[in-house]
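Structural features, examined
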Amino acid sequence: MRKSFTLLFSTLILCVFALTSFAQTLKPANGDVNVPPTTTDLVVTFDNNVSFTENGGTLWIKRGTTVVKSIALEQGNPNATINGKVLTVKHGLTFTDGQNYYVGISNNAIVGFGGIADTDWHFTIGDYTAPVVKTLTPADNATNVHVKNDPFNLVIEFEDVNNIKAVPDKKVYLYRADGTIVDLITIATGDGGNTSVSGKIASITVDPAAFRNELTQYYVNVEKGAFVDVTDNDNEFAGILNKTGWNFTSRDYSAPSVVGDIVVDADYESATLTVTISEPGSVWYLQSASAPVLPDTDAEYTAAGWKKQAAGAGNVATFTLDNLDPATKYDVYVVAQNADGDKQTVASKVEVTTLDNVAPKIVDGSNDTVNIANVTVGLELTFDERVQAGSG
């Protein structure tokens, strides 16, 4: 009797072990923090061959605490298959970078298997997305760009979950529109380097001598992999590799000129001047007895007594000088400035003479008759100023 009981007990133990399966490996691995978002399969490898139960069970996937997918683990489901020891489940999801996912399997899905709690199989999707351009400075297709700034920086702001870093020895190229290269920048970081990165913003300094041409179109190429995100994967920026991805046009650096004559409309105590300039801008003017030394900045012009008048339609500026003395000549100096602040280096001078409001006086009438052949034909009078015949 004792022998029979012992044999039966041993047989039961062997049956229990024969019916029990254990998950040996999980893919993605539990706790993996850098799972590719393109992962399509969830794989469980058991310690022995397994099969679905007659009624099947369920595998579920949570993102955070929300169930985002449930998949039937049963015979006939093409998305859940068993091959010997290996269970493969095609989840059909698009995983999101940086998100935590939790996977559970019910305890009735696999013969002899007690299931997996979703707290025991979890993983994080890594950053496998390459950085892309968010903004460019100068902006693509920008016009009127001040390329004579020193330093002149090309700035890229990236769109990415993580920060960005520059890759030394990669190249940035600056071309004129005709394909002529004007600067080849080999990325160098650190003290004295030409490239700096703060967070997601990269700044590349261009050689000040590289280009100084006005009204010229340029384009920029950035080598693939010149910038990567700060992750385990060093996802590479795809670069800017054509003529149209980043181009801009430098501004006008030539000062405008005064077109034609300055028109003067003088009264007794004032004068209105009309000045036409060659492009949109303004006119600085100064009434002065001698030629002034031209200042540099707007603030210095103002401090020296110059006044500024914006040009309107047709690039015409009109201004009035008041509180003038009658019958007096004044010198007025005019400097044209364009909308970008470029000024003439030589002032235009115009003479303004106000009208005379005092009647002329006779200063000599002693020889007041004019005789021709002993015939008196007129009077001769000397005035204190030039006169002309009136109508009276």
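See above for the structure.
Residues numbered from 1 in each chain as written. Predicted model: local features only at pLDDT ≥ 70, side-chain atom pairs only at ≥ 80, totals over all residues. Heavy atoms only, no water.

Another aspect to go through is the pairing of strand β21 (residues 271-276). Here β21 shows a clear split, with Ala271, Leu273 and Val275 buried on one side and none of Thr272, Thr274 and Thr276 buried on the other. Turn length for the strand β20 (residues 263-266)-β21 hairpin, with the two strands adjacent in sequence and antiparallel, is four residues. The pairing of β21 with strand β24 (residues 316-321) spans six bridges and is classified as antiparallel. Bridge pairing links Thr276 to Val316 in β24. (Buried < 20%, exposed > 50% of the residue type's maximum accessible area, 1.4 Å probe, protein only. Helix = DSSP H or I, 4+ residues; strand = E, 2+ residues; numbered from the N terminus. Pairing = 2+ DSSP bridges.)

With that settled, consider the environment of Lys85. If you trace the backbone, Lys85 turns up in the loop between β5 (80-83) and β6 (86-90). When its relative accessible area of 39% is taken as the criterion, Lys85 is described as partly exposed. In the structure, Lys85 is positioned 61 residues away from Gln24 in sequence and 9.7 Å away in space, judged by C-alpha atoms. Those residues within four positions of Lys85 in sequence are excluded, and the remaining contacts are Val44, Thr45, Phe46, Asp47, Asn48 and Asn49. (Contact = heavy atoms within 4.5 Å.)

Leu154, Phe211, Val222, Phe227, Trp246 and Phe248 are the most contacted members of the largest nonpolar core, which has 30 residues in total. Elements with a contribution of two residues or more to this core: β10 (142-145), β11 (152-159), β12 (164-166), β13 (171-176), β14 (181-186), β16 (201-206) and β17 (217-222). Tallying contributions element by element places β11 first for this core, with four residues. Look past the residues within four positions of Leu154 in its chain and what remains in contact with it is Thr137, Pro138, Val172, Ala202, Ser203, Ile204, Val206, Val220, Trp246 and Phe248. (Core = buried A, V, L, I, M, F, W, Y, C linked by side-chain atoms within 4.5 Å.)

What follows covers the sheet that holds strand β2 (residues 41-46). Within a sheet, neighbouring strands are paired by backbone hydrogen bonds and run either parallel or antiparallel to one another. Overall, antiparallel pairing links the four strands, which are arranged β1-β2-β6-β5 in an open sheet. Taken across any chain shown, the strands that pair with only one partner, and hence form the sheet edges, are β1 (23-27) and β5. With direction set aside, neighbouring strand axes in the sheet form an average angle of 15°. Of the strand pairs in this sheet, β1 and β2 are connected by four bridges, and their pairing is antiparallel. Bridge pairing in β2 links Lys27 to Val43. (Axes fitted to C-alpha atoms, helices over the stretch in contact; angles between N-to-C directions.)

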